[in-house]
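# Chain and residue survey
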Amino acid sequence: MTPRHFFSRVFSPVFSPVFSRTAGFTLLELLVVVLILGLLASFVAPRYFSQIGKSEVQVARAQIDAFEKALDQYRLDVGRYPSTEQGLRALVERPAAEAKWNGPYLKKAAPADPWGRPYQYRAPGGNGRDFDLMSLGKDGRVGGQGEDADIAL
């Protein structure tokens, strides 16, 4: 088989009129597929992103719960909760003049909330509580609803 004969047999369907009309997709077919994919994405994306928001709230609640346990252990050792000025740092680093401190009460420094902002700690807390510990939620402002709601003890 000569090279000319080989190439004419292999590539001849590409240049035939029948092959060029039946191969590939038309622009209309491609647009229909893109439209269907867009519709599917518009149904799935809101559900997916709402789940992400719910998981961030759950992470914040779990972290606040862990901080609460560490703060209670601190109080059992020292006799009081850390002051507002000492903050959550007192759970990792010995505050000055704290002879009864038996920490660290956390393995590492207190992480930021799931939205990247520090947790708000205040001692004594409001309404007769020993302390307040909260995240300001997704919007970073006091109050809000849904994902923007404050997350506290």
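Our subject is the structure listed above.
A brief structural summary. These numbers come from a predicted model, not from an experiment.

## Structural notes on the sheet that holds strand β1 (residues 120–122)
With antiparallel pairing, the three strands of this open sheet are ordered in space as β1-β2-β3. Taken across any chain shown, the strands that pair with only one partner, and hence form the sheet edges, are β1 and β3 (151–152).

## What about unusual backbone geometry?
Between Ala123 and the following residue, Pro124, the backbone shows a cis peptide bond with an omega angle of -5°. Relative to the assigned elements, Pro124 resides in the loop between β1 and β2 (132–135).

## Re the environment of Leu106
Position of Leu106 among the secondary structure elements: in the loop between α3 (27–78) and β1. Leu106 gets classed as buried once you look at its relative accessible area, which sits at 14%. Every residue in contact with Leu106, bar those within four places of it in the chain, is listed here: Phe67, Ala70, Leu91 and Val92.

## Description of the packing of aromatic side chains
For the structure shown, the criterion picks out five aromatic pairs. With a centroid separation of 5.2 Å and 80° between ring planes, the pair formed by Phe67 and Tyr119 is classed as edge-to-face. With Phe67 in helix α3 and Tyr119 in the loop between α3 and β1, this pair connects stretches of sequence that are 52 residues apart. Across the pair, exposure class does not vary: Phe67 and Tyr119 are buried alike.

## Focus on the side chain of Glu98
Tracing the sequence through the fold places Glu98 in the loop between α3 and β1. In this structure Glu98 comes out as buried when scored by relative accessible area, which is 10%. Those residues within four positions of Glu98 in sequence are excluded, and the remaining contacts are Tyr74, Val78, Arg80 and Gln86.

## A word on the pairing of β2
As judged from the three bridges shared by β1 and β2, these two strands associate in the antiparallel manner. Bridging across to β2, Arg122 finds its partner in Asp132. Sheet topology note: the β2/β3 ladder contains two bridges and is antiparallel. The residue of β3 that forms the bridge with Met134 is Ala152.

Conventions we followed
Residues numbered from 1 in each chain as written. Predicted model: local features only at pLDDT ≥ 70, side-chain atom pairs only at ≥ 80, totals over all residues. Heavy atoms only, no water. Pairing = 2+ DSSP bridges. Helix = DSSP H or I, 4+ residues; strand = E, 2+ residues; numbered from the N terminus. Buried < 20%, exposed > 50% of the residue type's maximum accessible area, 1.4 Å probe, protein only. Contact = heavy atoms within 4.5 Å. Phe/Tyr/Trp six-rings, centres within 6.5 Å; stacked < 30°, edge-to-face > 60°.

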